[in-house]
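# Coordinates in review
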Amino acid sequence: MARQTRCLACGAPVGRYRATCPVCGAVQPQKRIGSTIGLGVLIVGLLIFTIWAIVRA
Ligand SMILES: [Zn+2]
């Protein structure tokens, strides 16, 4: 995987975690961060469910 993605609007290299293009200011999609947050929520949810199941037993 490339460290940098390219701006959808102007094609300039944009840092992976930048929300906007430094050249033209276009908003960049944040798929990687979104999937990371989704995974984190899933893990926390499983953890809470496990604790709840233990406490309830
Ligand atoms: Zn751009």
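Residues numbered from 1 in each chain as written. Predicted model: local features only at pLDDT ≥ 70, side-chain atom pairs only at ≥ 80, totals over all residues. Heavy atoms only, no water.

## Concerning the confidence of the model for the protein
To be explicit about the condition: Think of pLDDT as the predictor's per-residue confidence, scored from 0 to 100. Comment: elements are numbered from the N terminus, with helices defined as DSSP H or I runs of at least four residues and strands as E runs of at least two.
Looking at the protein, the pLDDT average stands at 86 and 86% of residues meet or exceed 70. Mean pLDDT across the secondary structure elements of the protein bottoms out at strand E1 (residues 4-6), with 82, and peaks at strand E2 (residues 13-15), with 90.

## As for the coordination of the zinc ion
Put simply, the rule reads: The donor set covers N, O and S atoms within 2.8 Å of the metal, switching to 3.2 Å for Na, K and Ca, and it leaves out water, so a site may look short of donors. Each label reflects the angles at the metal, where four donors whose angles all fall between 85 and 135 degrees are tetrahedral, four or six donors whose opposite pairs open beyond 155 degrees and whose other angles stay between 65 and 115 are square planar or octahedral respectively, and the rest are irregular. Throughout this description, buried means an accessible area under 20% of the type-specific maximum (1.4 Å probe, protein chains only), exposed means over 50%, and partly exposed covers the range between.
Surrounding the zinc ion are the protein donor atoms Cys-7 (SG), Cys-10 (SG), Cys-21 (SG) and Cys-24 (SG), at 2.3 Å. Note that the zinc ion binds four donor atoms; their angles at the metal cover 105 to 117°, and the shape is tetrahedral. Here the donor residues of the zinc ion are spaced in sequence according to C-x2-C-x10-C-x2-C. With relative accessibility at 40%, the residue Cys-10 sits in the partly exposed group.

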